[in-house]
Amino acid sequence: MEEYVLVMRNEDGKKLASPEQMQIWMKQTMDWIGGIAAQNKFVSGTGLPFDDARVVHSNNIVTNGPFGDIKETIGGFITVRAESVDEAVEFAKGCPVLQGEGNSVEVRRVASR
Amino acid sequence: MHQEVIPHLFRTEFRKITTVLCKHFGIGHIETAEDIASDTFLAALNTWTYKGIPENPTAWLYTVAKHKAANYRNRTKSFQEKGGSLFPADPSYQPDLDLSAENIQDSQLQMLFAICHPSIPVESQIGLALRILCGFGIDEIANAFLSNKETINKRLFRAKEKLRLEQVRIELPSETDIEKRLQTVLTTLYLLFNEGYYSESQSSVLREDLCHEAMRLTQLLTENKRTDLPPVNALLALMCFHSSRFPARKNAQGEMILYQDQDETQWDYSLIAKGAYYLQQASRGDTLSPYHLEASIAYWHTLKADTTEKWESILQLYNKLLQLAYSPIAALNRTYALSKANSKEEAIREAEKLQLTGNPYYFSLLGELYKDIDPHKARHNFEQALALAKTQTDKQLIAQNLLKLNANCS
């Protein structure tokens with residue numbers, strides 16, 4: 001069994017959805033994670049709120065948030081256990097973030113210790 | 001004199017005397033403590049039966065126990081003078097057995113930590129706790145575990161040997177260790193409670209006794225400043241909520257009545273209030289233990305009406321619980337909550353992913369979910385559940401489901 005990180009990417013962080021829509025996404029995400037945990041495949045995970053977000057650039061210039069100059073933003077990530085990358089991909093397919101056009105979930109194997 | 005002995009007097013005093021004796025003589029002498037306590041009750045039996053029950057039975061028992069403890073000590077002293085060593089040289093050692101209420105309470109708490117020691121298996125911890133901290137007889141323990149006396153005796157003997165070899169100290173763990181050691185203690189108390197709540201033992205009195213004992217010991221932890229921590233309160237809340245349904249979950253024939261068929265006017269609302277109090281106490285600080293989540297789920301189940309809010313809350317609590325502590329039963333319950341909060345179709349898709357194919361409750365859940373959607377599949381699943389079911393209660397419930405299904409089809 002390997003561990004994989006599923007990184008949730010939103011195409012444009014500026015495109016803010018309605019509060020109602022966000023609440024629906026939140027529930028869907030909680031149910032999605034709960035479903036993975038119910039298969040005993042959940043390892044850890046966290047959301048990444050946009051407040052207090054900073055980007056440090058190569059010339060040490062610090063900007064607020066990843067908005068504007070970076071097109072894609074990371075909304076959060078979870079780590080799962082899976083027999084293969086294909087199983088991890090199956091988990092990723094259920095991620096509610098994919099309902100947004102242009103959004104993506106990146107699946108990466110965690111280097112074994 | 002025709003005085004009634006207080007119910008459970010022997011059991012109650014046995015555990016107090018034994019615990020104090022263990023503390024007095026040290027962890028290597030549990031058997032001696034049991035013997036002296038048993039001798040004390042034998043003396044009571046042989047005296048009270050003929051001379052009547054004394055004015056103050058407890059004081060009588062304590063005097064005899066003190067006397068027997070001193071005798072034992074004198075006997076072994078002459079052995080020690082001949083070069084043997086039975087007791088560690090401990091400067092804090094008190095020559096007299098201290099049976100004050102305060103020392104009884106302290107000794108019980110310290111002994112709880114000593115018995116719930118990670119060096120012995122959890123079923124031994126439960127057995128020893130029942131024997132030493134609850135004053136149960138070996139046959140009662142065997143009955144509760146659906147086992148026999150020899151097995152239990154062997155198990156307890158090995159456990160006592162191990163505690164002696166490990167030189168486990170009868171004391172509260174240090175500040176740095178207490179949270180970790182408390183986890184083992186809480187697991188044992190949780191399992192002790194479940195043993196009573198889900199036991200197949202024929203004696204319903206015994207089953208409820210196990211639950212009450214688990215609650216009593218958990219309450220003991222809340223009464224000491226150092227162990228009155230949020231997870232302890234959460235566990236006690238969970239136990240209160242569950243036991244509030246005791247009066248309603250069995251019919252006159254002793255058969256299980258499922259939650260949805262229970263008469264909620266029979267629930268014990270004072271226990272529900274008590275549970276709410278401890279759940280509130282558990283919310284101090286920012287600890288979130290699995291017991292917090294389980295207690296919150298149990299709280300929602302004290303509201304009988306099927307509301308969206310109820311099932312959505314339960315679903316999210318299970319989602320969290322599974323991230324914190326996976327168990328097959330939590331995964332199955334989560335899927336049931338999903339069917340209530342979202343839809344049966346979604347729950348079926350999620351259930352099929354669980355593949356807990358060795359678990360009868362897995363097939364029972366699928367049977368339940370398919371009941372109105374595909375009776376043929378429902379029957380197939382209930383039949384598989386029946387083939388896997390181990391207990392009489394489970395078989396009965398599944399058989400009832402099959403009967404209802406057949407009645408609806410014809």
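Rules of the game
- Residues numbered from 1 in each chain as written.
- Chains lettered and ligands numbered in written order.
- Predicted model: local features only at pLDDT ≥ 70, side-chain atom pairs only at ≥ 80, totals over all residues.
- Heavy atoms only, no water.
- Helix = DSSP H or I, 4+ residues; strand = E, 2+ residues; numbered from the N terminus.
- Areas by Shrake-Rupley, 256 points an atom, 1.4 Å probe, with all protein chains shown as cover.
- Lys, Arg positive; Asp, Glu negative; His and termini not counted.
- Charge placed at Lys NZ, Arg CZ, Asp CG, Glu CD.
- Pairing = 2+ DSSP bridges.
- Axes fitted to C-alpha atoms, helices over the stretch in contact; angles between N-to-C directions.
- Salt bridge = Lys/Arg side-chain N within 4 Å of Asp/Glu carboxyl O.
- Buried < 20%, exposed > 50% of the residue type's maximum accessible area, 1.4 Å probe, protein only.
- Polar contact = N/O pair within 3.5 Å; in protein donor to acceptor, adjacent residues only side chain to side chain.
- Contact = heavy atoms within 4.5 Å.
- Patch = residues over 30% accessible without salt bridge, like charges linked within 9 Å, V, L, I, M, F, W, Y side chains within 5 Å.
- Buried area = accessible area lost by both parts, 1.4 Å probe.
- Nonpolar A, V, L, I, M, F, W, Y, C, P; charged D, E, K, R; others polar.
- Arc of directions from axis to C-beta.

Colleague: Looking at this structure, I do not really get the overall build of chain B. What am I missing?
Modeller: Within chain B, the regular secondary structure consists of 18 helices and zero strands. Along the three orthogonal principal directions, the C-alpha set of chain B runs to about 80 × 50 × 35 Å. Split by element, the accessible area of chain B, about 20400 Å² in all, is 52% carbon and sulfur. Counting 45 positive and 49 negative side-chain charges, chain B places the averaged centre of each group 3 Å from the other.

Colleague: Honestly, the sheet that holds strand S6 (residues 104-109) of chain A in this entry has me stumped. Any pointers?
Modeller: Whenever strands of a sheet pair, they do so through backbone hydrogen bonds, lying parallel or antiparallel. Residues and elements named next belong to chain A. If you walk across this open sheet you meet the four strands as S2-S5-S1-S6, and the pairing is antiparallel. Two strands close off the open sheet at either side, each with one partner strand: strand S2 (42-47) and S6. When strand polarity is set aside, the average angle formed by the axes of neighbouring strands in this sheet is 15 degrees. Here five bridges tie S2 to strand S5 (residues 73-82), and the two strands are oriented antiparallel to one another. Directly across from Ser-44, in S5, lies its bridge partner Thr-79.

Colleague: Please clarify how the pattern of salt bridges should be interpreted in this entry.
Modeller: Residue and element names in this part refer to chain B. Tallied over the full model, the rule gives 25 salt bridges over all chains. Where Arg-15 meets Glu-213, a salt bridge forms, and the shortest distance between an N and an O atom there is 3.3 Å. One end of the pair, Arg-15, is in helix H1 (residues 9-25); the other, Glu-213, is in helix H9 (residues 204-222), and 198 residues separate them in sequence. By relative accessible area, which is 9% here, Arg-15 ends up buried. Of the charged contacts, one joins Lys-340 and Asp-306 as a salt bridge, the two residues approaching to 3.0 Å between their closest N and O atoms. One end of the pair, Lys-340, is in helix H14 (residues 328-341); the other, Asp-306, is in the loop between helix H12 (290-300) and helix H13 (308-324), with 34 residues separating them in the sequence.

Colleague: Looking at this structure, I do not really get the side chain of Gln-262 of chain B. What am I missing?
Modeller: All names here are of chain B. Counting through the fold element by element, Gln-262 comes out in the loop between helix H10 (230-243) and helix H11 (269-282). A polar contact is formed between the side chain of Gln-262 and the backbone oxygen of Ile-257, at a distance of 3.1 Å. Contacts of Gln-262, omitting those with residues within four sequence positions, involve Arg-245, Ala-248, Arg-249, Ile-257, Trp-267 and Lys-304.

Colleague: In this structure, what is going on with the environment of Gly-285 of chain B? I would like to understand it.
Modeller: Residue and element names in this part refer to chain B. Turning to its location among the elements, Gly-285 is positioned in the loop between H11 and H12. Given a relative accessible area of 65%, Gly-285 falls into the exposed group. Residues Gly-285 and Leu-229, spaced 56 residues apart in sequence, show a C-alpha to C-alpha distance of 9.3 Å.

Colleague: Looking at this structure, I do not really get a negative patch on the surface. What am I missing?
Modeller: Residues and elements named next belong to chain B. Together, Asp-96, Asp-98, Glu-102 and Asp-106 give the surface a local cluster of negative charge. Assignment of secondary structure puts Asp-106 in helix H4 (residues 101-115). Classification of Asp-106 by relative accessible area gives partly exposed; the value is 31%.

Colleague: I tried to follow the pairing of S5 of chain A on my own but got confused; where do I start?
Modeller: If a strand is regular, its side chains alternate between the two faces of the sheet. Sheet analysis places strand S1 (residues 2-10) of chain A next to S5 of chain A, joined by nine bridges and oriented antiparallel. Note that in S5 of chain A the partner of Leu-6 of chain A across the bridge is Ile-78 of chain A.

Colleague: Please clarify how the interface of chain B and chain A should be interpreted in this entry.
Modeller: Each side of the interface is counted separately: chain B has 14 residues, and chain A has 11 residues. For the pair chain B and chain A, the two sides together bury roughly 1100 Å², of which 55% comes from carbon and sulfur. A per-residue breakdown of the area chain B buries against chain A is headed by Gln-316, Gln-323 and Tyr-326 of chain B, which together make up 42% of the total. Across the chain B-chain A interface, the total number found is one salt bridge. As a salt-bridge pair, Glu-312 of chain B and Lys-27 of chain A come within 2.8 Å of each other at their nearest N and O atoms. Looking at the side of chain B that touches chain A, its residues break down into six nonpolar, four polar and four charged.

Colleague: What should I look at first to understand unusual backbone geometry in this one?
Modeller: Across residues other than glycine, the phi torsion is negative in most instances, and most of the peptide bonds are trans. Of note, Asn-60 of chain A is a non-glycine position whose phi angle comes to about 65 degrees, a positive value. Within the fold, Asn-60 of chain A resides in the loop between strand S3 (54-56) and strand S4 (62-64). Residue classification places Asn-60 of chain A among the exposed residues on the basis of a relative accessible area of 63%. Its identity as a non-glycine residue notwithstanding, Leu-146 of chain B has a phi of 50 degrees, on the positive side.

Colleague: For this particular structure, what's the right way to read the pairing of S1 of chain A?
Modeller: Residue and element names in this part refer to chain A. In terms of residue burial, S1 counts as a mostly covered element, since seven of its nine residues are buried. Relative to S6, S1 runs antiparallel, the two sharing six bridges. Bridge pairing links Met-8 to Val-105 in S6.

Colleague: What is the right way to read helix H2 (residues 85-93) of chain A from this model?
Modeller: Each α-helix winds once per 3.6 residues, and so residues spaced three or four apart point in a common direction. Residues and elements named next belong to chain A. Listing the buried residues of H2 in full gives Glu-87, Ala-88, Phe-91 and Ala-92. Buried residues of H2, viewed axially, fall in a sector of 150 degrees; they line one side. Opposite its buried face, H2 presents the exposed residues Asp-86 and Lys-93, each directed more than 90 degrees away. Along its buried surface, H2 packs onto S1, helix H1 (19-38), S5 and S6.

Colleague: I'm lost on a nonpolar patch on the surface in this one. Help?
Modeller: Residue and element names in this part refer to chain A. On the surface, Met-22, Ile-24 and Trp-25 cluster together into a nonpolar patch covering about 260 Å² of accessible area. Note that Ile-24 resides in helix H1. Take Ile-24: its relative accessible area is 36%, and that puts it in the partly exposed class.

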